[in-house]
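Given next are the chains, with one letter for each unit.
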Amino acid sequence: MQRKRQKEERALLLQFQELLGSLLTGLRAGYSAENAFREAFQDMAFLFGEESSICRELVRINAGVANHLPLEQLLLEFAERSGAEEIREFAGVFSIAKKSGGNLPTILERTIHIIQEKIGTENEIQILLSSKRMESGIMDAVPFVLAGYLSVTSPGFFDPLYGTPKGIAVSGGCLVLYLAALVLSEKITDIRV
């Protein structure tokens, strides 16, 4: 359940990264922030489909803008719903830049660049971790595969180990240690960036 939620959050973050690029393009082209969000919806629908998480959020944002709600408020609400730190940072900077009346495209361009670098670094780390998780999964299965192979090819091989109380105690202790190692390896590879 937690892995599924993390995977959904990761997908939303990657979609958000693409949204930032699209917004930056719209702002450079001279669109207002509100129109840049409206145009970004078309790009996101093309890239991820209209049922994607980012498109659903953009529909909410664009509907709020159409109802004359402040864009910065809508972005802050989106940030709260997503729970992603990067989206919260963007919404905060956007809100301050919009209220201060500064050069919005320049401020957002710097912010977007920093957030995209951070997301890119997180992606690289996730790629490295996924290879370690796969290695861990293989190593987790090896003892069971070997035990199965030996019990099929050499019947009676495990009789001294599982046929005596001393053998049962030793193998039970080893199983507990092995399960502890599995839990530890899961915790080691479950790094939140």
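Residues numbered from 1 in each chain as written. Predicted model: local features only at pLDDT ≥ 70, side-chain atom pairs only at ≥ 80, totals over all residues. Heavy atoms only, no water.

Asker: For the overall build of the protein, give the residues involved together with the corresponding values.
Answerer: Of regular secondary structure, the protein possesses 8 helices and 0 strands. Across the protein, helices and strands are ordered from the amino to the carboxyl terminus as α-α-α-α-α-α-α-α. For 193 residues, the compact-globule estimate of 2.2 N^0.38 gives 16 Å, and the C-alpha radius of gyration of the protein, at 26 Å, exceeds that figure by more than 25%. Taken along its principal axes, the extent of the C-alpha atoms in the protein is 80 × 30 × 25 Å. When the 193 residues of the protein are sorted by exposure, 31% land in the buried category. Sequence-distant contacts, at least 24 apart, represent 59% of the contacts inside the protein between residues at least 6 apart. For the protein, the accessible area works out to roughly 12,200 Å², and carbon and sulfur atoms hold 63% of it. Once the 20 positive and 24 negative side-chain charges of the protein are each reduced to a mean point, those two points are 4 Å apart. (Helix = DSSP H or I, 4+ residues; strand = E, 2+ residues; numbered from the N terminus. Rg over C-alpha atoms; globule rule 2.2 N^0.38 Å. Buried < 20%, exposed > 50% of the residue type's maximum accessible area, 1.4 Å probe, protein only. Contact = heavy atoms within 4.5 Å. Areas by Shrake-Rupley, 256 points an atom, 1.4 Å probe, with all protein chains shown as cover. Lys, Arg positive; Asp, Glu negative; His and termini not counted. Charge placed at Lys NZ, Arg CZ, Asp CG, Glu CD.)

Asker: Let's hear about the packing of helix α1 (residues 2–28) against helix α6 (residues 104–153): which residues, and what values?
Answerer: Close contact between α1 and α6 brings their axes to 10 Å; oriented N to C, the two are set at 150°. In terms of their interaxial angle, α1 and α6 are classed as roughly antiparallel. Pair α1 / α6 crosses with left-handed handedness. Where α1 abuts α6, its residues Arg 3, Arg 10, Leu 13, Leu 14, Phe 16, Gln 17, Leu 20, Gly 21, Leu 24, Leu 27 and Arg 28 lie against Pro 105, Leu 108, Glu 109, Ile 112, Ile 115, Gln 116, Ile 119, Gly 120, Glu 122, Asn 123, Gln 126 and Arg 133. Looking at side-chain class alone, the contact of α1 with α6 contains 11 nonpolar, 6 polar and 6 charged residues. (Axes fitted to C-alpha atoms, helices over the stretch in contact; angles between N-to-C directions. Parallel < 35°, antiparallel > 145°, perpendicular 65-115°, else oblique. Left-handed = near helix turned anticlockwise from the far one by under 90°. Nonpolar A, V, L, I, M, F, W, Y, C, P; charged D, E, K, R; others polar.)

Asker: Tell me what's going on with the packing of helix α4 (residues 71–82) against helix α5 (residues 85–100), and back it up with residues and numbers.
Answerer: Taken N-terminus to C-terminus, the directions of α4 and α5 make an angle of 165°; their axes are 8 Å apart at the nearest point. In terms of orientation, α4 and α5 fall into the roughly antiparallel class. In the packing of α4 onto α5, the handedness of the crossing is left-handed. Contacts between α4 and α5 pair Leu 71, Glu 72, Leu 75, Leu 76, Phe 78, Ala 79, Glu 80 and Ser 82 from the former with Ile 87, Arg 88, Phe 90, Ala 91, Gly 92, Phe 94, Ser 95, Lys 98 and Lys 99 from the latter. When the residues that make up the contact of α4 with α5 are grouped by side-chain class, the tally is 9 nonpolar, 3 polar and 5 charged.

Asker: Hey, could you go over unusual backbone geometry for me, with residue numbers and the actual values?
Answerer: Its identity as a non-glycine residue notwithstanding, His 68 has a phi of 65°, on the positive side. Following the sequence through the fold, His 68 ends up in the loop between α3 (53–66) and α4. On the basis of relative accessible area, His 68 is assigned to the exposed category, the value being 73%.

Asker: With reference to specific residues and values, describe the confidence of the model for the protein.
Answerer: Detailed reading of the predicted coordinates is not advisable wherever pLDDT is low. With 97% of its residues at a pLDDT of 70 or more, the protein shows a mean pLDDT of 84. Per-element mean pLDDT across the protein ranges from 76 in helix α7 (residues 159–162) up to 92 in α3. (pLDDT = per-residue confidence, 0-100.)

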